[in-house]
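Coordinate inspection notes
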Amino acid sequence: MAISKTKRREEIESAPQAPQPIRGDRGASILGPRNAPLERENPDLLASPDTDSGTIPNLKFSFATARNRLLSGGWAREVTVRELPVATTLAGVNMRLKPGAIREMHWHKEAEWAYMLAGTARITAIDPQGRNFIDDINVGDLWNFPAGIPHSIQGLEKGCEFLLVFDNGSFSENETFLITDWFAHTPREVLAKNFGVSEAAFDNLPQDIEHTRYIFSGKVPGPLVPVNSPAGPISTSYSHRLSAQEPIKVGGGQVRIVDSSNFPAATTIAAALVELEPGAMREMHWHPNIDEWQYYISGQARMTVFASGGKARTFNYQAGDVGYIPFAMGHYIENVGDQPVQFLEMFRSSYFADLSLNQWMALTPPELVRAHLNLDAKTMTALRKDKPIIAPFRAIKGELKRPA
Ligand code: MN
Ligand code: MN
């Protein structure tokens, strides 16, 4: 049934939660088609701050709008350069394994860094020296498999869900080297020759449509039993207990930084797990080494990216979203909700590094700084020679308040 244009407009404009692209005396209500839930999630795109300006590539993609591949053992969805074209350095996969389910034995060209979001898993790997690694992973733990290292992941009693980060934006979870795929594409006589057994030994290989397992259901394994290797276990651990790592505590939140200096296996991926209290802000900063890839774990965040040449743009993020910051661009992330914001800053780098706008100004001759910005003496005194990392204050109509 057709609804009159006037009636439809009235309905939309009177809807209590339909946001409008109006800021002060700028903008006007939406009359045409709209996707109000999406606009509600992105209020700073719908009505961008007056300081935003110019053309900047999209810096947000949500796992919620990524294609999910469902299998007997769980699911996997990915945000790569195909979903978020600016994100060339790193790619992310969000994976779920049911209790006992197995992410098939495989390897790939990229290094794999992982953060356990929920539940527990058992991981296995071997290195070129024939040393092996088997470990159980809990919430807040990491693993890192260097490029080409074969590995597996299996959900334990409660199953699990985790984030995988790969050191190439072009990675695809659908193009990994699977043990069943290789068996399916090798003649039986070659398999017999390779393993020194009869061809009949391979009569029961998987007969699924694709002849591969990828993510398949299995039995929850018992307690971890080491498989003894003549070469011994891997000396550089492929796992790291990030939640057990002492955080850098600052006013307004805390940060755990993990890179090759404290997790030697992670030679190509560095990370910071940032927690912001309501009202607090990851301070104005940038990174001197490479782009930043982000994953939002909880809360409501807003990030503005300064791209030089008069360009700046603001994006909103929530749990399950991926953010991105091209190399060297200035940025800050505000907690705009009433719950803590937790997110990962990730870098294709052996080390974490950032530059603080505040600290830069504090460690430069004050007359020089004042010549640029005409700041008063009180503001100059407030500059921090240490790195603030997080700005704890909530700005309310020009006044500052430290959140309770
Ligand atoms: Mn893998
Ligand atoms: Mn950053």
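Our subject in this report is the structure included herewith. On a predicted model such as this, the values are computed, not experimentally measured, just so you know.

Looking only at helices and strands, one finds eight helices and 28 strands in the protein chain. Each principal axis of the C-alpha atoms in the protein chain carries an extent, and together these give about 80 × 70 × 40 Å. The burial tally for the protein chain puts 47% of its 404 residues in the buried class. Total accessible area on the protein chain stands at roughly 20,700 Å², and carbon and sulfur atoms take up 56% of it. Computed over 41 positive and 45 negative side-chain charges, the separation of the two mean positions in the protein chain equals 4 Å.

Quick look at the coordination of the manganese ion (ligand 2) now. Distances from the manganese ion (ligand 2) to its protein donors, His 285 (NE2), His 287 (NE2), Glu 292 (OE) and His 331 (NE2), fall within 2.1 to 2.2 Å. Between consecutive donor residues of the manganese ion (ligand 2), the sequence gaps follow H-x1-H-x4-E-x38-H. Note that His 285 is positioned in strand S18 (residues 281-286) and His 331 in strand S23 (residues 330-335), a separation of 46 residues in sequence.

Here we take up the coordination of the manganese ion (ligand 1). Tetrahedral coordination by four donors places them ideally at 109.5 degrees to one another around the metal; octahedral coordination by six donors ideally gives 90 or 180 degrees. Coordination of the manganese ion (ligand 1) by the protein comes from His 106 (NE2), His 108 (NE2), Glu 112 (OE) and His 151 (NE2), over a distance range of 1.9 to 2.2 Å. On the primary sequence, the residues serving as donors to the manganese ion (ligand 1) are separated as H-x1-H-x3-E-x38-H. Of the residues examined, Glu 112 reaches a relative accessible area of 1% and is grouped as buried.

What follows covers the pattern of salt bridges. All told, the structure shown has 17 salt bridges when counted by the stated rule. The partner of Arg 23 in a salt bridge is Asp 44, with the nearest N and O atoms 3.9 Å apart. Highlighted residues: Arg 23 in strand S1 (residues 22-23) and Asp 44 in helix H3 (residues 43-46), separated in sequence by 21 residues. Under the relative-accessibility criterion, Asp 44 is labelled buried at 7%. A salt bridge links Arg 82 to Glu 78, with the shortest nitrogen-to-oxygen separation between them at 3.8 Å. Bridged by salt links that share partners, the residues Arg 23, Asp 44, Arg 302 and Glu 334 form one connected network.

Further remarks concern the environment of Pro 43. Relative to the helices and strands, Pro 43 is located in helix H3. A C-alpha to C-alpha distance of 8.3 Å links Pro 43 and Pro 21, two positions 22 residues apart in sequence.

Taken together, seven strands build an open sheet; the order of strands is S3-S22-S19-S24-S17-S16-S15 and the sheet is antiparallel. Only two strands of the sheet have a single neighbouring strand rather than two, namely strand S3 (60-62) and strand S15 (248-250). Taken pair by pair, the neighbouring strands of this sheet meet at an average axis angle of 20 degrees, ignoring direction. When strand S19 (residues 292-298) meets strand S22 (residues 321-325), the two strands line up antiparallel, connected through four bridges. Its bridge partner lying in S22, Glu 292 is registered against Ile 325.

Another aspect to go through is the pairing of S18. Every other side chain in a regular strand lies on the same face of the sheet, so the side chains alternate between the two faces. In the sheet, S18 pairs with S23 via three bridges, with the strands oriented antiparallel. Across the sheet, residue Met 281 finds its bridge partner in S23, namely Glu 334. The pairing of S18 with strand S26 (residues 390-391) spans two bridges and is antiparallel. Bridge pairing in S26 places Arg 282 opposite Ile 390. Both S18 and strand S25 (residues 355-356) contribute to a ladder of two bridges, which runs antiparallel. Within S25, the position partnered with His 285 by the bridge is Ser 356.

As a further point, take the environment of Leu 273. With respect to the element layout, Leu 273 can be found in strand S17 (residues 270-276). Separated by 31 residues in the primary sequence, Leu 273 and Leu 242 place their C-alpha atoms 8.8 Å from one another. Every residue in contact with Leu 273, bar those within four places of it in the chain, is listed here: Tyr 115, Leu 242, Gln 254, Val 255, Arg 256, Ile 297, Gln 342, Phe 343 and Leu 344.

Rules used in this analysis
Residues numbered from 1 in each chain as written. Chains lettered and ligands numbered in written order. Predicted model: local features only at pLDDT ≥ 70, side-chain atom pairs only at ≥ 80, totals over all residues. Heavy atoms only, no water. Helix = DSSP H or I, 4+ residues; strand = E, 2+ residues; numbered from the N terminus. Buried < 20%, exposed > 50% of the residue type's maximum accessible area, 1.4 Å probe, protein only. Areas by Shrake-Rupley, 256 points an atom, 1.4 Å probe, with all protein chains shown as cover. Lys, Arg positive; Asp, Glu negative; His and termini not counted. Charge placed at Lys NZ, Arg CZ, Asp CG, Glu CD. Donors = N, O, S within 2.8 Å, 3.2 Å for Na, K, Ca; no water. Salt bridge = Lys/Arg side-chain N within 4 Å of Asp/Glu carboxyl O. Pairing = 2+ DSSP bridges. Axes fitted to C-alpha atoms, helices over the stretch in contact; angles between N-to-C directions. Contact = heavy atoms within 4.5 Å.

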